[in-house]
Each structure stands twice: as structure tokens, then as C-alpha cells.
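Listed here are the chains, written in short residue letters.
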Amino acid sequence: MSLRAKEYYRASSLEDAYNKLKENPKNVIVGGGLWLKKTGLEYHTIIDLSNLGLDQIKEDKDFIYVGSMVSLRDFENSPIINKLFNGVIAFGVREVMGPAFRNIATIGGSVYGRFPFSDVIAALLPLDVKVKLYPNQEMSLNDLVNYRGKLDGIIEQIIIRKEEGKAFFKKVKTTALDFPMINFSIVNRSGKNYIAIGSRPGVAALAYKAMEEADKGNYEKAAEIASQELQFLDSSNISKEYRIDLTKVYVLRGLKEVNE
Ligand SMILES: Cc1cc2nc3c(=O)[nH]c(=O)nc-3n(C[C@H](O)[C@H](O)[C@H](O)COP(=O)(O)OP(=O)(O)OC[C@H]3O[C@@H](n4cnc5c(N)ncnc54)[C@H](O)[C@@H]3O)c2cc1C
């Protein structure tokens, strides 16, 4: 499948890109273009952000700033990202396809897409992450994931708060390059537990009741609650019951690991 568009436009600024986006409902922002290609849809103009310096990862004392055009590969190899939560966030992103693919796929495309199977969103959801959208919006990753409808704006960067703690990530898949059947991302940050489960097959969500129980130190009960409070459904390659069984096992394992 090729990326089909009548025109290609390399934006000179975010304002320029936004104005071009608004010109026609069939204009789109392109990150790595991998998902846009896969949909097989035809667009009027694809708007490229690659001249805007959005391929940088920067940090200050409290936050990490990841430009939307940072590739998954640069993200997973970044020393700044690898310092976060014993390198597990980088590991979660490394679980997506192969290195050649991750050299092209971007953080912006992965977040904007809100793909139900997303390992990238699952890995990031238990952290304190804000998404900055041009022209004038900033929202938590959790709000963005739960936002229904078409997002207005262009993702400029994601902002990750630096915190102390440990993380656990597990993608259950049939082959090395496959989509996840289910994924788990469990983080203890600043002494509190966060549990995200994705590809249920719904997009990653936080299991709030299970998180409360985990903070009391009741990890087995927390795993049981997680398997009940989120919605699990059948897919062609995995049953609802198996997803629930995996949840009990991996939530318990993850909670023990991050609280050791
Ligand atoms: C065959 C295949 C297998 C995959 N397997 C997995 C997997 O196992 N796990 C996983 O987590 N992911 C998987 N993915 C998803 C992949 O990791 C990327 O998330 C996906 O390709 C989108 O990234 P991209 O840079 O290619 O985005 P694009 O295809 O360029 O864009 C995706 C969407 O985001 C919009 N967009 C892009 N950048 C911005 C921006 N800065 N602001 C606003 N909108 C923007 C586009 O308009 C489009 O709607 C897979 C994708 C494919 C095609």
C-alpha cells in the first residue's frame, strides 16, 4: 500500500502547517506515514513537519520534552529516556515491530493515532505525561486517549515528568513482530502504583480501583480487581477469558516487581 495524496507540503512553521491543515478536510499531518499508508485512504495534501526541529529530546530538572517527530527508535535509544524507570519505558517502545520500522514511526503519530493496540501509549500512560498541541492546547495523555472525536491541532511535543520509581512492561504476542494480544504497563512512581492495560482490545486504560488496592500492598487482590474493572473482549486470536487470566498473572507479577 502506498501513501496516496495529490500534494505534498513541507511546512515552514507550526502556524504554516496548521493553516494548511485547515484549508481542506482531506489535508493531513504526516509523521512517519506508516499508518496513513496502511489505511489506504487518499488525501489531498500531506503536511510534513520534518523541517521544524521537532525531532529532539530535551530535558530540564523536572521534565523531558519529546518532539512529535522523534522516531520510536531515537526515543528507545535516548540516554534521557533510558534513565527513566529502569529503562522500561524505552523497552515498551522497543517492542513495536523491528528497528527499520521504528526508525520511521514517530511519537506524534503514535500518540495522535490512539491505536487500541498501542504499546507506546500503554508504556507512557502510567507516567505523568502531557501532550502539547498547537495552537493552544495542553492535555494529559490520559485525557487525550479518552477524548472522543477528531483532535483539533498538531502535536508539538509530549512532556514527561521525571520521577523516581520502577516499571514493568509486558507485551503478549504470538510472534516477535506481531500486534499485542494484550499489554501491561505497571509503574511505581513516587511511591504510588499505576496500572495500564491495553489491547483488551480497547486502547490502554488505567485500572483505578486496582491501583488503590495496590497502594495498600494487596497485590493479589489488586490483580483480581484489575481483571474485573476494565472491559475485556474476544478477538480473532485471543479469547476474553484468556485476556482475563493473563491480567491476573501479569498485574500480580508487575506489582511485585515494581514494589520490590
Ligand atoms: C504494520 C504495522 C504494525 C504496527 N504494529 C504496532 C505494534 O505492535 N505496537 C504498537 O504500539 N504500534 C504498532 N503500530 C503503530 C506504529 O507504531 C505507529 O504508531 C504508527 O505507524 C503511527 O506512526 P507514524 O509516525 O507512522 O504516523 P502517521 O502514519 O504519519 O500518522 C498517524 C496519524 O497521526 C496523525 N499525525 C501524525 N503526526 C501528527 C502530529 N504531530 N500532530 C497531529 N497529528 C499527527 C496523522 O495525520 C495520522 O492520522 C503498527 C503500525 C503498522 C503500520
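Presented here is an overview of the structure given in this document. None of these values were measured; they are calculated from a predicted model.

### Remarks on the site of the ligand
1) Next: The immediate surroundings of the ligand are formed by 34 residues, with Ile-29, Gly-31, Gly-32, Thr-106 and Asp-119 found nearest.
2) Next: A distance of 2.6 Å separates an oxygen atom of the ligand from a polar backbone atom of Ile-29.
3) Next: A distance of 2.9 Å separates an oxygen atom of the ligand from a polar backbone atom of Leu-36.
4) Next: Most atoms of the ligand, that is more than half of them, are within 2 Å of grid points of the largest pocket.
5) Next: Its residues assigned to classes, the shell around the ligand shows 20 nonpolar, ten polar and four charged.

### Thoughts on the pairing of strand β6 (residues 129-134)
1) Next: Note: β6 against strand β8 (residues 154-161), six bridges, orientation antiparallel. Looking at the pairing, Leu-133 lines up with Ile-155 of β8.
2) Next: By the bridge criterion, four bridges tie β6 to strand β7 (residues 137-140) in an arrangement that is antiparallel. Among the inter-strand pairings, Lys-132 is bridged to a residue of β7, identified as Glu-138.
3) Next: Linking β6 back to β7 in an antiparallel pair, the connection comprises two residues.

### Some words on the nonpolar core
1) Next: One finds Val-66, Phe-75, Leu-124 and Ile-160 to be the most contacted residues of the largest nonpolar core, which totals 71 residues.
2) Next: Sorting elements by how many residues they give to this core places helix α12 (residues 240-258) first, with seven residues.
3) Next: Residues from two domains meet in this core; each of domain 2 (57-161) and domain 3 (165-258) gives at least three.
4) Next: Beyond its immediate chain neighbours, meaning those up to four positions away, Leu-124 contacts Phe-75, Ile-89, Val-129, Leu-141, Ile-158 and Ile-160.
5) Next: If you look at the next biggest cluster of nonpolar residues, it comprises twelve residues, including Leu-14, Tyr-18, Met-69 and Ile-154.

What counts as what
Residues numbered from 1 in each chain as written. Predicted model: local features only at pLDDT ≥ 70, side-chain atom pairs only at ≥ 80, totals over all residues. Heavy atoms only, no water. Near = heavy atom within 4 Å. Polar contact = N/O pair within 3.5 Å; in protein donor to acceptor, adjacent residues only side chain to side chain. 1 Å grid on protein atoms, 1.4 Å probe; cavity = no way out; pocket = protein on both sides within 12 Å on 5 of 7 lines; lining within 4 Å. Sits in = over half its atoms within 2 Å of the grid points. Nonpolar A, V, L, I, M, F, W, Y, C, P; charged D, E, K, R; others polar. Pairing = 2+ DSSP bridges. Helix = DSSP H or I, 4+ residues; strand = E, 2+ residues; numbered from the N terminus. Core = buried A, V, L, I, M, F, W, Y, C linked by side-chain atoms within 4.5 Å. Buried < 20%, exposed > 50% of the residue type's maximum accessible area, 1.4 Å probe, protein only. Domains from an automatic or database assignment. Contact = heavy atoms within 4.5 Å.

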